[in-house]
Amino acid sequence: MKIRSLSTPLLALAALLALPLAAQATVYQFNATINAAQEVGASSSTASGLASLSYDDMGTLAVGDDSYSFTMGVSGLSGAPTGFHIHGPAAIGVNGPVRVDLAAAPFFSASGGGFLTVFGSGVVPASFGAMSMKDALMGNLAYVNVHTAADPGGAVRGQLLLVAVVPEPSSYALLLGGLGLVGFVARRRRSL
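What counts and how
The written sequence of each chain sets the order in which its residues are numbered from 1. Reporting of local features is limited, given that this is a predicted model, to residues whose pLDDT is at least 70; pairs of side-chain atoms are given and counted only at 80 or more, and all residues count toward the totals for whole chains, interfaces and linings. As a rule here, side-chain values come from all non-hydrogen atoms in the structure, and water together with hydrogens is ignored. Definition of nonpolar core: a set of buried residues of the types Ala, Val, Leu, Ile, Met, Phe, Trp, Tyr and Cys, connected through side-chain atoms within 4.5 Å. Working definition: with a 1.4 Å probe on protein chains only, accessible area under 20% of the residue-type maximum means buried, over 50% means exposed, and in between means partly exposed. Contacts are assigned to residue pairs that have any heavy atoms within 4.5 Å of one another. For two strands to count as paired, DSSP must find a minimum of two bridges between them. Secondary structure elements follow DSSP: runs of H or I no shorter than four residues count as helices, runs of E no shorter than two count as strands, and numbering proceeds from the N terminus. Here the aromatic set is Phe, Tyr and Trp, taking the six-membered ring for Trp, and pairing holds for ring centres within 6.5 Å; pairs whose planes are under 30 degrees apart are stacked, those over 60 apart are edge-to-face, and all others are tilted. The working definition used for a salt bridge is a side-chain nitrogen of Lys or Arg within 4 Å of a carboxyl oxygen of Asp or Glu. Like-charged residues within 9 Å of one another, or nonpolar side chains (Val, Leu, Ile, Met, Phe, Trp, Tyr) within 5 Å, are grouped into patches, provided each residue has over 30% relative accessible area and no salt bridge. Using a 1.4 Å probe, the Shrake-Rupley method yields the accessible areas, and only the shown protein chains count as cover for residues.

Caption draft 1: Region of the structure containing the nonpolar core. Counting 32 residues, the largest nonpolar core has Leu53, Phe70, Met72 and Ile86 as the members making the most contacts within it. Not counting the four nearest positions on each side in its chain, Phe70 is found in contact with Ala51, Ser52, Leu53, Ile86, Leu102, Phe107, Val118, Phe119, Gly120 and Val144.

Put into structure tokens, the structure is as follows:
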């Protein structure tokens, strides 16, 4: 009888200790307006588009368990894209090295008739040299670039800028579950 009554509070304590670790996960939303005006150097392109990157920080100190999802749509390109990437670290108006090739797996892309769409989900963050991808994004030091034969240095570009920070919905579910467990244990202790 004593073992059973002792195991319930220990189980509740273990659940409560695990709760704060899981509840710290956050999704950072970055968006980019893509156009030729942001290119460094001349671009003859009249294309434009939008990109969105959702970075999922799993709430741990390690960035190895983080992931991100990316979507991009560009229309009005002068021809087929010859390359499309995420570059950085680089401030607005400064060129940076390619860090993510959006034309390669795990990304999916389609182009034709002057348009380009790109999608990728659950992607492992790339290294941005001496800094992490998350740090580059948080510092507004990452941008997307689309290249064409007419503009090999870049037809259109867009800086990925932070627009929202949202706690993951699963964090709320964990919090409610933990509170329910505490309530259950407290109610049970009163009835004993």
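Caption draft 2: Just the pairing of strand β2 (residues 48–57), in detail. By the bridge criterion, ten bridges tie strand β1 (residues 26–35) to β2 in an arrangement that is antiparallel. Residue pairing in the sheet places Thr33 in a bridge with Leu50 of β2. Here β2 runs beside strand β3 (residues 67–75); their pairing, made up of nine bridges, is antiparallel. Across the sheet, Leu50 pairs through a bridge with Gly73, a residue of β3.

Caption draft 3: Broad picture of the packing of aromatic side chains. Evaluated as defined, the whole model comprises two aromatic pairs. Between Phe70 and Phe107, the aromatic rings sit 6.3 Å apart at their centres with planes inclined by 90°, giving edge-to-face as the arrangement. Residue Phe70 is found in strand β3, and its partner Phe107 is found in the loop between β5 (98–101) and β6 (108–112); the two are separated by 37 residues along the sequence. Side by side, Phe70 and Phe107 carry an identical accessibility label, which is buried. By the ring-pair criterion, three or more aromatic residues cluster together here, those being Tyr68, Phe70 and Phe107.

Caption draft 4: Here's a closer look at the pattern of salt bridges. A complete count under the given rule lists one salt bridge for this structure. Close ionic contact of Lys134 with Asp57 constitutes a salt bridge, the shortest N to O distance being 2.5 Å. Of this pair, Lys134 sits in helix α2 (residues 133–138) while Asp57 sits in strand β2, and the two are 77 residues apart along the sequence. Here Lys134 matches Asp57 in class, with each residue buried.

Caption draft 5: Spotlight on the environment of Leu102. One can find Leu102 in the loop between β5 and β6. Residue classification places Leu102 among the buried residues on the basis of a relative accessible area of 0%. C-alpha separation for the pair Leu102 and Val118, spaced 16 residues apart in sequence, amounts to 7.2 Å. Discounting residues that sit within four places of it in the chain, Leu102 has contacts with Phe70, Met72, Phe84, His85, Ile86, Phe107 and Val118.

Caption draft 6: Representation of unusual backbone geometry in the model. Look at the link from Gly88 to Pro89: it is a cis peptide, with omega at -5°. Looking at the secondary structure, you find Pro89 in the loop between β4 (81–87) and β5. Note the cis peptide between Ala105 and Pro106, where omega equals 15°. Backbone geometry places Asn140, a non-glycine residue, at a positive phi of 55°. For Asn140, the location among the structural elements is in the loop between α2 and β10 (143–148). Classification of Asn140 by relative accessible area gives partly exposed; the value is 29%.

Caption draft 7: Representation of a nonpolar patch on the surface in the model. Taken together, the side chains of Met138, Leu162 and Val165 define a hydrophobic patch exposed on the protein surface, amounting to about 230 Å² of accessible area. Summarising the element assignment, Leu162 is placed in strand β12 (residues 161–167). Owing to a relative accessible area of 34%, Leu162 belongs among the partly exposed residues under this scheme.

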